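Topology and contacts: notes
Chain residues, written in single-letter form:
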Amino acid sequence: MYGLTYDQGFEIRPVSERHLSAETARQRVAIDTSYDVGSIIVDTPHHFLYFIETPTSAIRYAIGVGRDGFRWSGEARIERAREWPTWVPPASMIERQPELVRFENGMPGGLRNPLGARALYLFSNGHDTLFRIHGTAEYWSIGRDVSSGCIRLRNHDIIDLYDRISLGAKVYVLPSRPAA
C-alpha cells in the first residue's frame, strides 16, 4: 500500500516502515455516524481524516495538521480538485517567508511541490478558504502539527482519497484540543 508507486510520470518513493504502524496505515474502520456518506471528517486533535463510506464505515487516513497559531476548524466544501497541482503561496505566507516570493506566480506540480500528488480545495460560502487537503512527500510529518493550516496526507493516501471524493463533498474540520 505504501511501496514504490508511479503516478503520471512521477516516482513516489515508498514510506519508510519506521514511519508506519497499524494505527497510522490507511484502513477501513467501523463508525457510527450521522454525517453524510461521501463527506470528510477531519479529527484534528487525533490526526485522522475519515472519508464516510456508509453510516457504519469509513476509510481512515493519518494526517498532519496546522501548527500552533495556524489551525482552523469549521465546515467547507470541496469545490476544486487537482492532480499534481500548481502551488501558489498565499500573500500572508510570503510575508512570513519572503524567500517564497519566487513562487508568487506558482510552482509547477512535482515531487518538490508542497501540495504533493493531489490537492482538494476547500471553500466556505462560495469563497476559497486558502486551506487545502493535500499530499506531501514529507511522510514523516504525518501525525504532527506542522503545516500552515492545511491538512496533509501521505502522497499514497491523497491519491486514494482523491479517487473516492466528489466535488461538492462536505468537509468538517473539528476543533483542536485547547493548549495544555
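It should be noted that the structure appears before, not after, this text.
First things first, this report covers the structure right here in the doc. Given the structure is predicted, the values throughout are model-derived calculations rather than measurements.

Thresholds, definitions, all that
- Residues numbered from 1 in each chain as written.
- Predicted model: local features only at pLDDT ≥ 70, side-chain atom pairs only at ≥ 80, totals over all residues.
- Heavy atoms only, no water.
- Helix = DSSP H or I, 4+ residues; strand = E, 2+ residues; numbered from the N terminus.
- Polar contact = N/O pair within 3.5 Å; in protein donor to acceptor, adjacent residues only side chain to side chain.
- Contact = heavy atoms within 4.5 Å.
- Buried < 20%, exposed > 50% of the residue type's maximum accessible area, 1.4 Å probe, protein only.

1. Examining the side chain of Thr44
- Mapped onto the elements of the fold, Thr44 is located in the loop between strand S4 (40-43) and strand S5 (48-54).
- Polar contacts involving the side chain of Thr44 include one to the main-chain carbonyl oxygen of Leu174, which spans 3.0 Å.
- Setting aside anything within four residues of it in sequence, one finds Thr44 in contact with Val65, Arg71, Val173, Leu174 and Ser176.

2. A word on unusual backbone geometry
- At Gln8, a position not held by glycine, the phi torsion is positive, near 50°.
- Turning to its location among the elements, Gln8 is positioned in the loop between strand S1 (5-7) and strand S2 (10-12).
- Residue classification places Gln8 among the partly exposed positions, given a relative accessible area of 48%.
- Even without being a glycine, Asn125 presents a positive backbone phi close to 50°.
- Its location among the elements puts Asn125 in the loop between strand S9 (118-124) and strand S10 (127-136).
- The exposure class assigned to Asn125 is exposed, which follows from its relative accessible area of 74%.

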